[in-house]
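# Report on the structure
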Amino acid sequence: MVRSWTSPSLSPLPASGLPLRLHDTRTGRVAPVTPLTPGTARLYVCGITPYDATHLGHANTYHAADLMHRALRDTGLEVEVAQNITDVDDPLFERARRDGIDWEELATSQVELFTEDMAALRIIAPQTYRSVSEAIDSIISVVQKLHQRGRAYPVQAADAAGPDWYLDLGMDGALGDVSGYSEQQMMEVFAERGGDPEREGKRGVFDPLLWSAEREGEPAWDAGALGRGRPGWHVECVCIAGDALGLPFDIQTGGSDLIFPHHDLSAAHAVGLGRGFATVYNHAGMVAHEGEKMSKSLGNLVFVHRLVRDGLDPMIIRLVLMAHHYRADWEWSEAELDRAAERLRAYRSAAARGGHHPATVEALRAALRQDLDTPAALETLDAWASGRGGQDPVRTPDAAAPGDVAAAVDALFGIDLS
Ligand code: 5CA
Ligand code: ZN
């Protein structure tokens, strides 16, 4: 059983009505989020493939999801969050083989590191945190349902006893619904993001692998008429989201490298099931290092747990992340740490002074609700810390009690200023 992590203690502010406005990749616009079920927002966060520890790119993505979660709560909504773990996938098996360890052992150890990092960063834990290997029965029934609905077709495999099964995107015409990409844009990224455009026997180049026939040295499960094997990538998120949140739900989020194929094709799977998927598709920018996107396959990684082990306060990492709008692409550098450490010191000494600053609190809330505008929130906090933020004209008797700004920074941005 996969353990989620322990959430930080939460002290919400009294709820205030204005909705969260969020960028939707499908429409290209920032618009208010209106939950399908009044009173409850349902959020699906694409989780890690656990073959290497949490790097700052992951941290950026899960920080954005956390801000979304906190902003939705602040508008008075209940928030249901589900997140997956891609523990059955090629890169994980390759890494396990390279290191001569069992794939399950590798996944378990990396998930453990990830959950420690999430707890250190004070990211609110999802209510559902589920791996593919845990969800396998349910995934098999989704795959079988797509087969029964005529959406799956076999492609012979030279290195396996049975065929692989693909999803026929042509049947529903849903390709491109989320990304809006042209075929050429799709082609540019499909192969490097897990797709197999060259595979012979496919009906459409972007048809995704639904069920992969059993191969030597890989785990396999029995899927009845489809044979023994394991699921393709996109179907896991359709299944885990559907089980935890129901379909359709409100928001799917992840990094911008998931726009195509992953989010586009998971939505297409849902259409194949006769269901809707997310209402809003939201994406965080990519963090680069040494001139290239930080990625496990390139190895240009800065790990959260190393920074923390070396004595860095995780709140400094949150402040580095806040300095960049979540949708921006940016490059990590050491200099960022100094600026953020300086901010943390200034904010902590301002917080120790306490006091009431309702205009500052309102400005923080407004910034968060305007598409998670953390750079604007930092400007507000810089002004507050330097005494330019202004005091409430009516000084209340408990002005020396823990300040309202510190409480807001904790509730809205997950930063502990005590
Ligand atoms: N398991 C799938 C999602 S179902 C996956 O993409 N796993 S991952 O481990 O490769 O990435 C986990 C999350 O981190 C994804 O949302 C991905 O978009 C995001 N991510 C990965 N690299 C970066 C990066 N350099 N900058 C920002 N976000 C990143
Ligand atoms: Zn996913």
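What you see is a predicted model; the values in this text were computed from it and never measured.

Calculation criteria
- Residue positions are given per chain, counting from 1 as you read along its sequence in written order.
- Just so you know, chain letters begin at A and ligand numbers begin at 1, following the order they were written in.
- Per-residue local features are limited, in this predicted model, to residues with pLDDT of at least 70; the limit for side-chain atom pairs, both in listing and counting, is 80 or more; totals at the level of whole chains, interfaces and linings are taken over all residues.
- Note: side-chain values were computed over all heavy atoms of the structure, leaving out hydrogens and water.
- Think of it this way: any DSSP run of H or I at least four residues long counts as a helix, any run of E at least two long counts as a strand, and we number them from the N terminus.
- The contact rule is simple, with two residues in contact once any of their heavy atoms fall within 4.5 Å.
- Coordinating N, O and S atoms are those within 2.8 Å of the metal (3.2 Å for Na, K and Ca), and as water is not part of the atoms, a site may appear to have fewer donors than expected.
- A site with four donors is called tetrahedral when every donor-metal-donor angle falls between 85 and 135 degrees; four donors are called square planar, and six octahedral, when opposite donors sit more than 155 degrees apart and all other angles fall between 65 and 115; any other arrangement is irregular.
- Burial status follows relative accessibility: with a 1.4 Å probe on protein chains alone, a residue under 20% of its type maximum counts as buried, one over 50% as exposed, and anything between as partly exposed.
- Any carboxyl oxygen of Asp or Glu that lies within 4 Å of a side-chain nitrogen of Lys or Arg is treated as forming a salt bridge with it.
- Fitting a line to C-alpha atoms yields each axis, with helices limited to the stretch in contact; the angle taken between N-to-C directions then spans 0 to 180 degrees.
- Only Asp, Glu, Lys and Arg are considered charged in this grouping, and only Ala, Val, Leu, Ile, Met, Phe, Trp, Tyr, Cys and Pro are considered nonpolar; every other residue, Gly among them, is considered polar.
- Pairing of aromatic side chains requires ring centres within 6.5 Å, counting the rings of Phe and Tyr and the six-membered ring of Trp. Pairs whose planes differ by under 30 degrees are stacked, by over 60 edge-to-face, and all others tilted.
- Paired strands, as defined in this entry, are two strands with at least two bridges between them according to DSSP.
- How far a helix is expected to stretch is found by multiplying one less than its residue total by 1.5 Å.
- Contacts described as polar in this section are N or O atom pairs within 3.5 Å, which, within protein, must combine one atom able to donate a hydrogen with one able to accept it, while residues neighboring in sequence count only if both atoms come from side chains.

### Considering the overall build of the protein chain
Secondary structure assignment for the protein chain yields 13 helices and 15 strands. Considering only C-alpha atoms, the protein chain reaches an extent of 75 × 45 × 40 Å along its principal axes. Restricting to contacts in the protein chain with at least 6 residues of sequence separation, those with at least 24 account for 78%.

### Considerations on the coordination of the zinc ion (ligand 2)
Distances from the zinc ion (ligand 2) to its protein donors, Cys46 (SG), Cys237 (SG) and His262 (NE2), fall within 2.1 to 2.3 Å. In this structure, the zinc ion (ligand 2) is coordinated by four donor atoms arranged in tetrahedral fashion, with angles at the metal of 103 to 119°. Mapped onto the polypeptide sequence, the residues donating to the zinc ion (ligand 2) form the spacing pattern C-x190-C-x24-H. Highlighted residues: Cys46 in the loop between strand E3 (40-45) and helix H1 (56-74) and His262 in helix H7 (residues 259-272), separated in sequence by 216 residues. Each of the two residues, Cys46 as well as His262, counts as buried.

### Some thoughts on the pattern of salt bridges
In total, this model carries 24 salt bridges according to the counting rule given. Salt-bridge contacts for Asp66 lead to Arg318; the nearest nitrogen and oxygen are separated by 2.8 Å. Residue Asp66 is found in helix H1, and its partner Arg318 is found in helix H9 (residues 314-322); the two are separated by 252 residues along the sequence. What makes Arg318 buried here is its relative accessible area of 1%. With a closest N to O distance of 3.2 Å, Arg122 and Asp410 form a salt bridge. Residue Arg122 is found in the loop between helix H3 (103-120) and strand E5 (128-131), and its partner Asp410 is found in helix H13 (residues 404-413); the two are separated by 288 residues along the sequence. Summarising the burial analysis for this pair, Arg122 and Asp410 share the class buried. Through salt bridges that share partners, Asp74, Glu362, Arg365 and Arg369 make up one connected network.

### Some thoughts on the packing of H9 against helix H12 (residues 374-385)
Interhelical geometry of H9 versus H12 gives an angle of 115° and a closest axis separation of 8 Å. Facing Leu319, Leu321 and Met322 of H9, the residues of H12 in contact are Thr374, Pro375, Ala377 and Leu378. The class makeup of the residues in the contact of H9 with H12 is six nonpolar, one polar and no charged.

### So, the packing of aromatic side chains
The full count for this structure, using the stated rule, is twelve aromatic pairs. With 5.5 Å between their ring centres and 80° between their planes, Trp5 and Tyr129 make a pair best called edge-to-face. Taken together, the residues span a long stretch of sequence, with Trp5 in the segment before strand E1 (21-24) and Tyr129 in strand E5 at a distance of 124 residues. Relative to Phe260, the ring of Phe190 has its centre 6.1 Å away and its plane inclined at 45°; by these criteria the two rings are tilted. Note that Phe190 is positioned in helix H5 (residues 183-190) and Phe260 in helix H7, a separation of 70 residues in sequence. We classify Phe260 as buried; its relative accessible area is 0%. Following the ring pairs from residue to residue traces out a cluster consisting of Trp5, Tyr62, Phe114 and Tyr129.

### Re the pairing of E1
In this structure, E1 lies alongside strand E2 (residues 29-32), joined through four bridges in antiparallel fashion. Of the residues in E2, the one forming a bridge with Asp24 is Arg29. The turn joining E1 and E2, which pair antiparallel and follow one another in sequence, is formed by four residues; a positive phi near 75° is taken by Gly28.

### Examining helix H6 (residues 234-245)
For H6, spanning twelve residues, the distance from its first C-alpha to its last is 17 Å, which sits close to the expected 16 Å at 1.5 Å a residue. Taken across its twelve residues, H6 has nine buried, putting it largely inside the fold. Turning to H6, its buried residues are His234, Val235, Glu236, Cys237, Val238, Cys239, Ile240, Ala241 and Leu245.

### Looking at the environment of Asp90
Mapped onto the secondary structure, Asp90 falls in helix H2 (residues 90-99). Overall, the relative accessible area of 37% leaves Asp90 in the partly exposed class. Note: C-alpha distance between Asp90 and Glu218 (128 residues apart in sequence) is 9.2 Å. If we skip the residues at most four places from it in the chain, Asp90 touches Glu218 and Arg230. A polar contact of 2.6 Å, which involves the side chain of Asp90, links it to the side chain of Arg230.

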